[in-house]
Amino acid sequence: MEQTSLAKIALALCGLLLIMGTPIAQAFIVNIDAHNEECFFENVEGGTKFGVTFEVIDGGFLDVDIKITGPDQHVMHESEKESSGKYTFVAPSKGVYTVCFNNERSSMTPKMVMFSIELGDAPQRAPGAPGQEEVGHTKLEDMIRELSGTLTSVKHEQEYMHVRDKIHRSVNESTNSRVVLWSTFEALVLVLMTVGQVYYLKRFFEVKRVV
């Protein structure tokens, strides 16, 4: 009994390491010029769970249009002026799914988008009824896949939080520099106005004295 339990634990750890070593999703950064659209394609098996996560990290008001379509050109999701988003679907049929980022609304500002497409495992169909040992292994594999997917989601969330932190820091630094420049400009204007008033009053009393 103990050997069987140890074997299952070893199998679980090996499976977890194998799944974690296999890239389930990759993050990409794409630059979308003004009046342009960038599309990406993914071949997905029917019944497979897949998700799209994106974040606009630079350019203009940090927004783009996104459109996700299926192999029959059926629009699965479409939205405008989005800064970030996370969408999860179950592929209704096998085929090529398309994810498009549109920057046609921008007149001259390119947008930089960071995104990832996550793919789950294709559903496995056993030819016959599985035995008790196979059922146990299947449940264990499902738990490992779920844990691996959760870890991948956490990793992606950390990446996007890091990107958001950089964006907010950049905005704060830009705002701070503008405030400093404006305060310096106001101080110079006040100094010039003070010097001008002193000079004007001095000239006014000199004219009065001559008269």
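Conventions we followed
Residues numbered from 1 in each chain as written. Predicted model: local features only at pLDDT ≥ 70, side-chain atom pairs only at ≥ 80, totals over all residues. Heavy atoms only, no water. Helix = DSSP H or I, 4+ residues; strand = E, 2+ residues; numbered from the N terminus. Buried < 20%, exposed > 50% of the residue type's maximum accessible area, 1.4 Å probe, protein only. Contact = heavy atoms within 4.5 Å. Areas by Shrake-Rupley, 256 points an atom, 1.4 Å probe, with all protein chains shown as cover. Salt bridge = Lys/Arg side-chain N within 4 Å of Asp/Glu carboxyl O. Polar contact = N/O pair within 3.5 Å; in protein donor to acceptor, adjacent residues only side chain to side chain. Pairing = 2+ DSSP bridges. Axes fitted to C-alpha atoms, helices over the stretch in contact; angles between N-to-C directions. Disulfide = S-S within 2.5 Å. Phe/Tyr/Trp six-rings, centres within 6.5 Å; stacked < 30°, edge-to-face > 60°.

For the protein, the helix and strand inventory stands at two helices and eight strands. Overall, the protein shows an N-to-C arrangement of helices and strands of α-β-β-β-β-β-β-β-β-α. Out of the 211 residues belonging to the protein, those deemed buried represent 26%. In the protein, once contacts between residues fewer than 6 apart in sequence are set aside, the share between residues at least 24 apart is 80%. Summed over its atoms, the accessible surface of the protein is roughly 14,900 Å², and 60% of this surface lies on carbon and sulfur atoms.

As enumerated under the stated definition, the model contains five salt bridges in all. Among the ionic pairs, Asp 65 bridges to Arg 105, the shortest N-O distance being 2.8 Å. Of this pair, Asp 65 sits in strand E4 (residues 64–69) while Arg 105 sits in the loop between strand E7 (95–102) and strand E8 (111–119), placing them 40 residues apart in sequence. Asp 65 sits in the buried class, given a relative accessible area of 11%.

Below, the discussion takes up the side chain of Asn 102. Considering the arrangement of structural elements, one finds Asn 102 in strand E7. Separated by 3.5 Å, the side chains of Asn 102 and Glu 37 make a polar contact. Ignoring sequence-local partners within four residues, the contact set of Asn 102 consists of Asn 36, Glu 37, Val 64 and Asp 65.

In this section: the sheet that holds strand E3 (residues 49–58). What the four strands build is an open sheet, ordered E1-E8-E3-E6; its pairing is antiparallel. This sheet does not close on itself; its edge strands, each paired only once, are strand E1 (27–32) and strand E6 (84–90). Within this sheet the neighbouring strands show an average axis-to-axis angle of 20°, counted without direction. In this structure, E1 lies alongside E8, joined through six bridges in antiparallel fashion. Directly across from Ile 29, in E8, lies its bridge partner Met 114.

The next point concerns the state of the cysteines. Under the defined criterion, the tally for this structure stands at one disulfide. One disulfide in the model links Cys 39 with Cys 100; its S-S distance is 2.0 Å. Handedness here is read from the sign of the S-S torsion; for Cys 39 and Cys 100, about 110°, the answer is right-handed. You can see Cys 39 sitting in strand E2 (residues 37–44) and its partner Cys 100 sitting in strand E7, a full 61 residues away along the chain.

So, on to the packing of aromatic side chains. Enumeration over the complete set of coordinates arrives at nine aromatic pairs. Aromatic pair Phe 50 and Tyr 97: ring centres 5.2 Å apart, planes at 50°, arrangement tilted. Of this pair, Phe 50 sits in strand E3 while Tyr 97 is found in strand E7, placing the two residues 47 residues apart along the sequence. Clustering of aromatic rings is evident, with ring pairs tying together Phe 28, Phe 40, Phe 54, Tyr 87, Phe 101 and Phe 115.

Bridging between E4 and strand E5 (residues 75–82) involves five bridges; their strand directions are antiparallel. Opposite Ile 66, over in E5, you have Ser 79 as the bridge partner.

Geometry only, nothing functional implied.
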